[in-house]
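# Architecture at a glance
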Amino acid sequence: LENPEDSPIEEDKNKIILDNQILSAILVAGKHKGTTRDNQRGLMMITYDNEQHKYFLEGRTEPLSSVTEIASAICGLNTDYMASNEKIQLASARGTSIHNELADWFDPSFKEEQELSDDARPMAELFEKSEDFRVEQIVYNVERGYAGTADLIEIHGTTVKRIIDFKTMDKPKKKYCQIQLSLY
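For clarity, every value in this text was computed on a predicted model and none was experimentally measured. (Residues numbered from 1 in each chain as written. Predicted model: local features only at pLDDT ≥ 70, side-chain atom pairs only at ≥ 80, totals over all residues. Heavy atoms only, no water.)

## Topic: the overall build of the protein chain
Test applied: Secondary structure elements are taken from DSSP: a helix is a run of H or I of four residues or more, a strand is a run of E of two residues or more, and numbering for both begins at the N terminus. Working definition: with a 1.4 Å probe on protein chains only, accessible area under 20% of the residue-type maximum means buried, over 50% means exposed, and in between means partly exposed. Residue contacts follow a heavy-atom distance rule, with two residues in contact if any of their heavy atoms lie within 4.5 Å. What sets the accessible areas is the Shrake-Rupley method with a 1.4 Å probe; for residues, cover comes only from the shown protein chains.
What the protein chain contains, in helices and strands, is six helices and eight strands. Counted from the first residue to the last, the protein chain has its helices and strands arranged as β-β-α-β-β-β-α-α-α-α-β-β-β-α. Buried residues in the protein chain amount to 35% of all 184 residues. Contacts in the protein chain between residues far apart in sequence, at least 24 positions, make up 48% of those at least 6 positions apart. With an accessible surface of roughly 12,400 Å², the protein chain has 48% of that area assigned to carbon and sulfur atoms.

## Description of unusual backbone geometry
Phi at His-53 takes a positive value of approximately 55°, unusual for a residue other than glycine. Here His-53 lies in the loop between strand S3 (46-49) and strand S4 (54-57). Look at Glu-136: it is not a glycine, yet its phi comes out positive at around 50°. Along the chain, the position of Glu-136 falls in strand S6 (residues 133-141).

## Some points on the nonpolar core
For soluble globular proteins, nonpolar side chains are generally found buried alongside one another. The cut-off we apply is this: Buried residues of nine kinds, namely Ala, Val, Leu, Ile, Met, Phe, Trp, Tyr and Cys, make up a nonpolar core once their side-chain atoms join them within 4.5 Å.
Formed by 15 residues in total, the largest nonpolar core has its most connected members in Leu-102, Phe-106, Leu-152 and Phe-166. Ranked by residues supplied to this core, first place goes to helix H4 (residues 86-106) with five residues. Of all hydrophobic cores here, the second largest spans 13 residues; its members include Ile-74, Ala-150, Ile-155 and Leu-183.

## Re helix H2 (residues 67-75)
The α-helix advances 3.6 residues per turn, and as a result positions three or four apart in sequence lie on the same side. For H2, the complete set of buried residues consists of Val-67, Ile-70, Ala-71, Ser-72 and Ile-74. Following H2 by one or two positions, Gly-76 adopts a phi angle in the positive range, close to 70°.

## What about the packing of aromatic side chains?
Short version of the rule: Here a pair means two rings of Phe, Tyr or Trp (six-membered ring of Trp) with centres within 6.5 Å. Their orientation is stacked below 30 degrees between planes, edge-to-face above 60, and tilted elsewhere. Look at NZ for Lys and CZ for Arg. If either is within 6 Å of the ring centre and within 35 degrees of the ring normal, a charge sits over the ring.
One pass over the full model with this rule turns up four aromatic pairs. Geometrically, the ring pair formed by Tyr-48 and Tyr-55 is tilted, given 4.6 Å between the ring centres and 50° between the ring planes. Using a relative accessible area of 33% as the deciding quantity, one classes Tyr-48 as partly exposed. Take Tyr-55: its relative accessible area is 6%, and that puts it in the buried class. A centroid spacing of 6.3 Å and a plane angle of 70° characterise the contact between Phe-106 and Phe-127, whose relative ring orientation is edge-to-face. In this pair, Phe-106 sits in helix H4 while Phe-127 sits in the loop between helix H5 (121-124) and S6, placing the two residues 21 residues apart along the sequence. Both residues of the pair, Phe-106 and Phe-127, belong to the buried class. Three or more aromatic residues joined by ring pairs make a cluster, and in this case those are Phe-106, Phe-127, Phe-133 and Phe-166. Over the aromatic face of Trp-105 sits the side chain of Lys-129, whose NZ or CZ is 3.7 Å from the ring centroid.

## Description of the pattern of salt bridges
Oppositely charged side chains can form a pair if their charged atoms are brought close together. Cut-off, in case you're wondering: Think of a salt bridge as a Lys or Arg side-chain nitrogen and an Asp or Glu carboxyl oxygen that are within 4 Å of each other.
Under the criterion given, the structure shown has six salt bridges. Between Asp-165 and Lys-167 there is a salt bridge, with its nearest N and O atoms 2.8 Å apart. The exposure class assigned to Asp-165 is buried, which follows from its relative accessible area of 17%.

## Some points on empty space enclosed by the protein
Keep this limit in mind: Cavities and pockets were defined on a 1 Å grid built over protein atoms only: a cavity is a set of grid points that admits a 1.4 Å probe from which the probe cannot escape, a pocket is an open set flanked by protein on both sides within 12 Å along at least five of seven lines, and lining residues are those with an atom within 4 Å of any such point. Grid points are joined across faces, edges and corners, and a volume is the space filled by probe spheres set on the points. In this classification, the charged set is Asp, Glu, Lys and Arg, the nonpolar set is Ala, Val, Leu, Ile, Met, Phe, Trp, Tyr, Cys and Pro, and all remaining amino acids, among them Gly, are polar.
With the rule as written, the count across this model stands at one cavity of 30 Å³ or more. Here the largest cavity defines a volume of roughly 40 Å³. Surrounding the largest cavity, His-99, Leu-102, Ala-103, Phe-106, Val-135, Glu-136, Asp-151, Leu-152 and Phe-166 form its lining. Of all the secondary-structure elements, those providing two or more residues to the lining of the largest cavity are H4, S6 and strand S7 (146-156). Of the residues forming the lining of the largest cavity, the biggest block, four residues, is contributed by H4. By residue class, the composition of the lining of the largest cavity is six nonpolar, one polar and two charged.

Any link to function would need more than the numbers given here.
In structure tokens, the structure reads:
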């Protein structure tokens, strides 16, 4: 971070602690009564409904809040305006195209050689390909009621080494990016 005072998180003995504003947003955003577990792994089962753009806890009809919703609310971004603005929609389509290229490029199970576009190549060159990458990984915090999909997570054994989210906009909003990654 260029200026630690701008950070929405503080580190405490290898734990990430969200500041009160973020915790409040998460706690208000979604509460759930009870949980279900994958008995073999002790994990919650989360699904993503692509049509609704919502995450659901197995057996529940109320969606979890998304990382995008929380980060946008904290940063005061008007997502309704963004969804209806034609220029933003075109930029979003470009970003989705680049994102899909990068997802295929870094996916260890995708074995086909791929030529990257001029837009995607600079981001791909920032990281060496690794069998440790997990692409489009759903992450969640059921206790706080939210879920999201990280573009790329590097995991060695059981240790998360890096969480990467690709941004294609000219001037990414620093605070939004910090919040988004801290929630993942």
